[in-house]
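# Geometric and topological summary
Now for the letters of each chain:
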Amino acid sequence: MKLAGKFKLSAVARQFTSVTPAVPASVESQVDLRLEDDESLVGRTQRGDSAAFDVLVERYKERLYATVYHMTSNHEDANDLVQDTFIKAFKSIGSFRGRSSFYTWIYRIAVNRTINFLKRRKNRNQYSLDDLDSSIQTDPDLVEMMSHVTPRREAGLTELQEKLNEALQKLSDSHRAVVTMHDVQGMTHADIAKVLKCSEGTVRSRLFYARQQLQGLLSDYL
């Protein structure tokens, strides 16, 4: 499955809605679901309103995709993993009790599925180093270390992007996840700790170690 054009999950969602009564169309039409908060949309989804889940998909698809892409460095894999994440979330929405935010809950699903995927991919030893998104050059903090002009940097942006991609792939899955969520997505230590189910101290330690690793791997380009 791929994210082609506008991401839609309605067809997938409806195949799971038979177990709960659908919300009458007359009720749905009275509410602009885009104005509802996550808690309300989750409640509607749990009552069988697949349109409410579509709004959650639209709300978080780009942020999830950016996270997963920077962890995999492959557009097709990121598309598939994000699609799988939303399918998994829809199937499991009935068990969501709001002990964390929906945002944290679905990020945890995405990160865990991506880490499991990366473990399987390592066994195949296949990496895609050709399609790093050009937007990586604008990611905050992660590439701050490369902000100083040096003769080596003049070798070209394409080569630099490839080296950065290679360096990210050499980090452990957990360290790459922390760097991606904090330095690329701008998530706080507290939010990352909730997603990974670890302490904020662990997040800071992993982030520090990951940055040290990246500096060493990219020393020729600093």
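Structure shown above.
In this report, the structure presented in the accompanying data block is examined. (Residues numbered from 1 in each chain as written. Predicted model: local features only at pLDDT ≥ 70, side-chain atom pairs only at ≥ 80, totals over all residues. Heavy atoms only, no water.)

## Concerning the packing of helix α8 (residues 173-184) against helix α9 (residues 189-196)
This is how the line gets drawn: Think of each axis as a best-fit line through the C-alpha atoms, taken over the contacting stretch in the case of a helix, with angles from 0 to 180 degrees between the N-to-C directions. A run of H or I in DSSP counts as a helix once it spans at least four residues, and a run of E counts as a strand once it spans at least two, with each numbered from the N terminus. Left-handed is the label given to a crossing in which the near helix is rotated counterclockwise from the far helix by less than a right angle, and right-handed is the label when the rotation is clockwise. Whether two residues touch is decided by their heavy atoms; if any such pair falls within 4.5 Å, the residues are in contact. Charged residues are taken to be Asp, Glu, Lys and Arg, nonpolar residues to be Ala, Val, Leu, Ile, Met, Phe, Trp, Tyr, Cys and Pro, and polar residues to be all remaining types, Gly included.
Their axes nearest at 10 Å, the elements α8 and α9 cross at an angle of 145°. Crossing handedness for the pair α8 and α9: right-handed. Taking contact as the criterion, the partners of Val178, Met181 and His182 in α8 are, on α9, His189, Ile192, Val195 and Leu196. Tallied by class, the residues present in the contact of α8 with α9 amount to five nonpolar, two polar and no charged.

## A word on unusual backbone geometry
Quick note on the threshold: Throughout, exposure labels follow a simple rule: accessible area from a 1.4 Å probe, protein chains only, divided by the maximum for the residue type, with under 20% read as buried, over 50% as exposed, and the rest as partly exposed.
With a phi angle near 60°, Ser73 is a residue other than glycine that sits in the positive phi range. The class for Ser73 is buried, based on a relative accessible area of 1%. Positive phi, close to 55°, is recorded for Lys197, a residue that is not glycine. With respect to the helices and strands, the residue Lys197 is situated in the loop between α9 and α10 (200-217). Taking the relative accessible area as the measure of exposure, Lys197 reaches 65% and is therefore exposed.

## Brief notes about the environment of Leu217
The topology assignment puts Leu217 in helix α10. A sequence separation of 47 residues divides Leu217 from Lys170, and the C-alpha atoms of the two residues are 8.7 Å apart. Each residue touching Leu217, except ones within four places of it in the same chain, is listed here: Ala167 and Lys170.

## Observations concerning the pattern of salt bridges
Put simply, the rule is: Salt-bridge detection follows one rule: a side-chain nitrogen of Lys or Arg within 4 Å of a carboxyl oxygen of Asp or Glu.
Under the criterion given, the structure shown has eight salt bridges. Linking Asp38 and Arg59 is a salt bridge whose minimum nitrogen-to-oxygen distance equals 2.6 Å. Highlighted residues: Asp38 in helix α3 (residues 38-46) and Arg59 in helix α4 (residues 50-72), separated in sequence by 21 residues. When the shortest N-O distance is used, the salt bridge between Glu200 and Arg204 registers 3.4 Å. Of this pair, Glu200 and Arg204 both sit in helix α10, four residues apart, which is roughly one turn of that helix. If you follow the salt bridges from partner to partner, you end up with Glu36, Arg44 and Asp49 in one network.

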